[in-house]
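Here's the letter readout for the chains.
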Amino acid sequence: PVTNIGFRVADFGLVKLTVYDVLGKEIAIIVNEEMQPGSYIATWDASNYPSGVYFYKIKSGDFVESKKMVLVK
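Residues numbered from 1 in each chain as written. Predicted model: local features only at pLDDT ≥ 70, side-chain atom pairs only at ≥ 80, totals over all residues. Heavy atoms only, no water.

## Observations concerning the sheet that holds strand β2 (residues 13-21)
Strands in a sheet are paired, the pairing made by backbone hydrogen bonds, and the direction either parallel or antiparallel.
Working step 1: Spatially, the four strands line up as an open sheet ordered β3-β2-β5-β6, and their pairing is antiparallel. The sheet is open, and its two edges are formed by β3 (26-35) and β6 (63-71), each paired on a single side. Sheet twist, expressed as the average angle between the axes of neighbouring strands with direction ignored, equals 15°.
Working step 2: Note: strand β5 (residues 52-60) against β6, nine bridges, orientation antiparallel. Paired with Ile58 across the bridge in β6 is Glu65. (Pairing = 2+ DSSP bridges. Helix = DSSP H or I, 4+ residues; strand = E, 2+ residues; numbered from the N terminus. Axes fitted to C-alpha atoms, helices over the stretch in contact; angles between N-to-C directions.)

## Quick look at the side chain of Thr18
Working step 1: Considering the arrangement of structural elements, one finds Thr18 in strand β2.
Working step 2: Judged by relative accessible area, which is 3%, Thr18 ranks as buried.
Working step 3: Beyond its immediate chain neighbours, meaning those up to four positions away, Thr18 contacts Glu26, Ala28, Ile29, Phe55, Tyr56 and Lys57. (Buried < 20%, exposed > 50% of the residue type's maximum accessible area, 1.4 Å probe, protein only. Contact = heavy atoms within 4.5 Å.)

## Topic: the side chain of Asp21
Working step 1: With respect to the helices and strands, Asp21 occurs in strand β2.
Working step 2: Buried within the structure, Asp21 lacks any salt-bridge partner; Lys25 is the closest side chain of opposite charge, at an N-O distance of 5.7 Å.
Working step 3: A distance of 3.0 Å separates a polar side-chain atom of Asp21 from the backbone nitrogen of Leu23.
Working step 4: Contact partners of Asp21, with chain neighbours within four places excluded, come to Ile27, Val53, Tyr54 and Phe55. (Lys, Arg positive; Asp, Glu negative; His and termini not counted. Salt bridge = Lys/Arg side-chain N within 4 Å of Asp/Glu carboxyl O. Polar contact = N/O pair within 3.5 Å; in protein donor to acceptor, adjacent residues only side chain to side chain.)

Here it is, written out as structure tokens:
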């Protein structure tokens with residue numbers, strides 16, 4: 001149960017990629033660092049989490065995006 005999340009950074013700056021459970025509780029911070037512009041892949045090892053619906057949020061500067069993902073074991 002490992003998930004790869006691809007994303008692109010447009011401008012140099014702090015990037016934070018966080019995973020939340022369906023209740024909105026923060027369960028993992030995958031990325032929290034300053035990054036150069038480019039394409040990246042972040043890996044989330046979900047082996048310690050139960051099957052279900054999760055959300056991830058990526059923040060970089062003024063950009064914020066949330067997406068849903070389903071973990072099936």
